[in-house]
Amino acid sequence: MRLFVTTVIIMALIGLAAACMNEHSTADGQEIPELVSYNFHIRPILSDKCFACHGPDVAMQKAGLRLDIPDSAYAPLHETKGAFAIVPGKPDQSELIKRISSKDPAYQMPTPESHLSLLNDHEIALFRKWIKQGAKYEKHWAFIPPAKMPLPAVKQKDWPRNEIDYFILKKMESKNFAPNPEADKERLLKRVALDLTGLPPSLEMMDRFLADNSAGAYEKIVDELLNDKAYGEKMAVHWLDIARYADSYGYQDDNIRTQWPYRDWVIHAFNENIPYDRFITLQLAGDMLPDASKENILATAFLRNHKYTEEGGVIDEEYRVEYLVDKTKTYGKGVLGLTIECAQCHDHKYDPFSQEDYFKLYAFFNNTYELGYEGDVSESTPAKTPRLSLSKQEIDNLYSYINYSDTAKLTVSVMGERDTLRKTYVLNRGLYTSPGKEVQATALNAVMSFDTTQYKRNRRGLAEWTVNRNNPLTARVFVNQLWQEIFGVGILKTSGDFGMQGELPTHPELLDWLAVDFMDRQWDIKYILKKIVTSAVYRQSAIVDKEKFERDPDNVYYSRAPRNRLKAEFVRDLVLSSSGLLVKKIGGPSVKPYQPSGLWEASTSGRGVLANYIQDHDEALYRRGLYTFIKLTLPPPSMIMFDASNRDQCEVKRLKTNTPLQALIMMNDPTVMEAARVLAEKLVKENGNARANVEKAFRLIALRKPKKEETDKIMDYYNDQLALFTAGKLDDKKTLQAGEYAHIPGIDGKAAAAMMKTISLLYNLEETLSKS
C-alpha cells in the first residue's frame, strides 16, 4: 500500500513537472514567454504557415476562415458544425489547436497539399498558451504609433554613454553577454569618418585626434565630420538608391537625361540638414506648396527618376500606367517601408491592403500631366514633360549648389499637377486595359486614417499625412535605414518590409525610442546620427572571441562592433583619396571614368549619344563614386561587382556578396592601378627610405600605424619585388604605365614600380575595404 501511494505521488509530481515544462518551456529547451504576444509570437507563425489559405486575400481563403482578424477566428466554423477555430481561454476546445497538433494528414493543418511545414512543439505551445491567456489580437506592431518607453534598468551602469546603450545593454545582459571594450582611437576614427563622410580621415586629422586626450575629443571629431561637405555626398548615396537615380532613361535606346541637378539638391539638402519631414514633403509635393520656388519643384524629380521609354510604336497609356506603378512602389517601399506593390494585381496576401487600397494610393500620382510616350524616336530630349528649366543666371544667383558651367538652359523632369482631376480606376489584374471600379485618392487607412477634413486628396495631402507625428511608419522606417547604414543591418532586418512578412525588430523599444526622439527633435537627421555614433555600442571594438561568435554569429545582441565592407562608391573614394588623386568638387554632370572597352557598344540599339562609351579625361577621372555615370542598361561594372544598386527600381538595402570578381577588380582595375602608381611615385620622390614609405602608405590606406611585424612582412614583399625589377624579370616601365595622371620625372623607376606593387597589395587587404 505504501509503495502504491508513493508511486501515485511520484507520478503526480512527474505530471506537474511536465505541465510546468509545457507552460514555461518545450522539450527542446525553448522558453515560452510569460505573456504570449500576438504581434511578436503568434502572427509570425500565422503569416508563414496559415495566411496563405486563411489570411486577408479573400480570393485565396479556404473554408471562409480568416485567422488575421478576431471576428472570423472566434466565429463558428462553416464546415465543422459546432466547432470554433479559436475559443479564447479554452485551447482544448479550439479547432486550431486540434488541427495543428494532429498527426493525421487528412485532418492536420497546414495540409500536405500546401507544401508548408508543420508547426513544431514550441510553436504549438505558443498557440496553446496564447489561447489560454485569452487569444488577444493586436494591431500589427508597425501600425501602432511609436512611444518612448522608460530607459530599462541595467547592471553595468558605467557602460552606457547615451539612451541607446540602455536598450542594447539590457538585451545583452539578458543573454549573458558583456560588451566589448572601446575600439582604439585609430580604428574608431576610421570607422566614424567612413560612416559620416564616406572618406578616410587625413593624416592631419589622425595625428590631431591621437594627440587630443581631452574628454570631448571624439565628439569634436564627430561634429567636424558632420559639418564636412563630404557628409552630404555620403548620405546622398543611400537616398539615390531609394530614388532610383540614374543618368539615362533605360529601355531599348537608353538615352541620356539630365536628372543630375536633383542629385545635387539631395547633397545640398543633407548638408543643410533640412528636417526629414520637410525633405519628404518637398520630394512628394514641392510643386504644390504655396508660392513654390524652382528649388521646391526640383525636389519632385524624386518621383520622375523612373525609366522612360523612347521606343517607337509603344502605347502611351500602357507606359503612363507603368510610371505611376513605379511611383507608388517607390513611395511605399522607400518612405513607408511596405510591399504595397503586392496589391497591384490582387489583394495583398499578408498585409491588410486590398487592391482597391492600392489604387486609392496610386490615385495621388495619377493627376500629373506626364505622358507615357513623348517625342520622336529619332530625337531624344534630356527631360520629359512636365519639366523644369533653369537658366545659368538663376543657378548662379539662387541655386549655386547646382554645379553647372554651361551657358545653355538646364532642364529636369519634375512633377506638375493637371487643372482637372483625372479619374482613377481599379485596374483588374493590374492591366491598363481593364479598368474597374472608380476610386478616389486615399492613403492607407490600415496604417493611419486619411481624414479628408484635414488632408486634401492630392500629393500635398499625402505628404502631410506621411509626416504627421501619428503616422506610425515614417520616422520608424527612416531611423531604421540610418541604423542600417551605420551597423550594416537595421534594427528591423527587412528594412523594406515593415509589414506582416517582415522580420520582427531585434530591439523594438529602441526603434520606437529613436523614432519618437527623431520627431521630438524636429526630424533632425544630424542629431540622430550623432546620437548613434557617440553611443557606447557604436564605439565598441570589432574583435570577436570564439564563444561570442558561436552564440551570436550575426551579432544580433551587439556585443561587438560589426565588420562591414565599404559600399562600392566608397571603395573607389578610399582608393582615390588615399593616393591623393581625389577631386573634391561637389556636384555637376556625371562623369565617365575608366571602363573596359566595348561594353556599351555590345548592349545598345545603336541610336543616341550613349551608343558608345566615350571616356572622360583629366579631373573627371578622379571624382567620387556617386558622380560616376549610371546607364540603366549597363551600370558601371566595377561598382556593380561591389553590389552597387543598378538603380532601375527603388532599393532600400543592397545585396552583400563576396566573389572572386571583387578581388580581380582590386588587382586589375585601372583606377586602383593608377592610384597605386601615383602614390608610389609621390612617396619615392618625397623620401628615399623604403621602410618609411611603406609605413606612410599603410597609414594612408589601412588608416592606422602598422605594427613592427606587419611592416617587416610588407618590406619582405617590397624587397622581393624590387629584386625582380632590378634583375629585369619584371618591366618597371610597363608597370608604371597605369593611368593618365602625369608621371613625376626624375625618380628611381624600379623603386617606384616595387612600391606600386606593394601599395596594390595594401589596397587588397580585407582591413582596407572594411569599416571596422
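Residues numbered from 1 in each chain as written. Predicted model: local features only at pLDDT ≥ 70, side-chain atom pairs only at ≥ 80, totals over all residues. Heavy atoms only, no water.

Peer 1: Just to check I follow, could you spell out the overall build of the protein chain for this structure?
Peer 2: When helices and strands are tallied, the protein chain shows 31 helices and four strands. Here the C-alpha atoms of the protein chain give a radius of gyration of 30 Å, agreeing with the 28 Å that 2.2 N^0.38 yields for 772 residues. Principal-axis analysis of the C-alpha atoms gives the protein chain an extent of 105 × 80 × 50 Å. Classification of the 772 residues of the protein chain by burial places 54% in the buried group. Within the protein chain, counting contacts between residues at least 6 apart in sequence, those at least 24 apart form 69% of the total. Approximately 33,300 Å² of the protein chain is accessible, and the part contributed by carbon and sulfur atoms is 54%. The average position of the 100 basic charges and that of the 104 acidic charges among the side chains of the protein chain differ by 2 Å. (Helix = DSSP H or I, 4+ residues; strand = E, 2+ residues; numbered from the N terminus. Rg over C-alpha atoms; globule rule 2.2 N^0.38 Å. Buried < 20%, exposed > 50% of the residue type's maximum accessible area, 1.4 Å probe, protein only. Contact = heavy atoms within 4.5 Å. Areas by Shrake-Rupley, 256 points an atom, 1.4 Å probe, with all protein chains shown as cover. Lys, Arg positive; Asp, Glu negative; His and termini not counted. Charge placed at Lys NZ, Arg CZ, Asp CG, Glu CD.)

Peer 1: Teacher, can you tell me more about the environment of Ala611 here?
Peer 2: By secondary structure assignment, the location of Ala611 is in the loop between helix H24 (599–602) and helix H25 (637–641). Counting along the chain gives 358 residues from Ala611 to Asp253, while the straight-line C-alpha distance between them is 8.2 Å. Sequence-distant contacts of Ala611, defined by excluding residues within four places in its chain, comprise Trp600, Glu601, Thr604 and Gly606.

Peer 1: Honestly, the packing of helix H26 (residues 660–668) against helix H27 (residues 670–686) in this entry has me stumped. Any pointers?
Peer 2: Between two packed helices, what matters for the description is the angle formed by their axes and the separation of those axes. Packing of H26 against H27 brings their axes to within 5 Å, and their N-to-C directions diverge by 40°. Considering the angle they form, H26 stands oblique to H27. Residue-level contacts link Ile665, Met666, Met667 and Asn668 of H26 to Pro670, Val672 and Met673 of H27. Per-class residue counts for the contact of H26 with H27 are six nonpolar, one polar and no charged. (Axes fitted to C-alpha atoms, helices over the stretch in contact; angles between N-to-C directions. Parallel < 35°, antiparallel > 145°, perpendicular 65-115°, else oblique. Nonpolar A, V, L, I, M, F, W, Y, C, P; charged D, E, K, R; others polar.)

Peer 1: When you look at the confidence of the model for the protein chain in this model, what are you seeing that I'm missing?
Peer 2: For residues with low pLDDT, the predicted coordinates do not support detailed interpretation. Averaged over all residues, the pLDDT of the protein chain equals 93, while 96% of them reach at least 70. For residues 1–22, every residue scores under 50 in pLDDT, and the model assigns this stretch five contacts once sequence neighbours within four places are set aside. (pLDDT = per-residue confidence, 0-100.)

Peer 1: It is not clear to me how the pairing of strand E1 (residues 387–390) should be interpreted in this structure. Could you clarify?
Peer 2: Two faces make up the sheet, and in a regular strand the side chains alternate between them. Burial of E1 is one-sided: the residues Leu388 and Leu390 facing one way are buried, the residues Arg387 and Ser389 facing the other way are not. As paired elements, E1 and strand E2 (residues 410–413) share four bridges and run antiparallel to each other. Bridged to Leu390 within E2 is Leu410. (Pairing = 2+ DSSP bridges.)

Peer 1: Explanation requested: the side chain of Arg244 in the structure shown.
Peer 2: Locating Arg244 in the fold gives a position in the loop between helix H11 (230–242) and helix H12 (260–271). At a separation of 2.5 Å, a polar atom in the side chain of Arg244 contacts the main-chain carbonyl oxygen of Phe302. Excluding residues that lie within four positions of it along the chain, Arg244 makes contacts with Arg257, Phe302, Leu303, Arg304, Asn305, His306, Asp326, Lys327, Thr330, Arg647, Gln649 and Cys650. (Polar contact = N/O pair within 3.5 Å; in protein donor to acceptor, adjacent residues only side chain to side chain.)

Peer 1: I would appreciate a short explanation of the packing of aromatic side chains in the present structure.
Peer 2: Here the structure, examined in full by the defined rule, presents 42 aromatic pairs. Plain terms: the ring middles of Tyr308 and Tyr323 are 4.8 Å apart, the flat faces sit at 25° to each other, and that makes the pair stacked. One end of the pair, Tyr308, is in the loop between helix H14 (294–299) and helix H15 (316–335); the other, Tyr323, is in helix H15, and 15 residues separate them in sequence. On the accessibility criterion, Tyr323 (1% relative accessible area) is buried. When the ring of Tyr319 is compared with that of Tyr323, the centres are 6.5 Å apart and the planes differ by 50°; the resulting orientation is tilted. Here Tyr323 and Tyr319 lie together in helix H15, a separation of four residues that amounts to about one turn. Like Tyr319, the residue Tyr323 is buried in the burial classification. Through successive ring pairs, a cluster of aromatic residues spans Trp239, Tyr262, Trp265, Phe270, Tyr276, Phe279, Phe302, Phe478, Phe518 and Trp523. Looking at Lys185, its charged tip hangs above the ring of Phe209, at a distance of 4.5 Å from the centre. (Phe/Tyr/Trp six-rings, centres within 6.5 Å; stacked < 30°, edge-to-face > 60°. Lys NZ or Arg CZ within 6 Å of the ring centre and 35° of its normal.)

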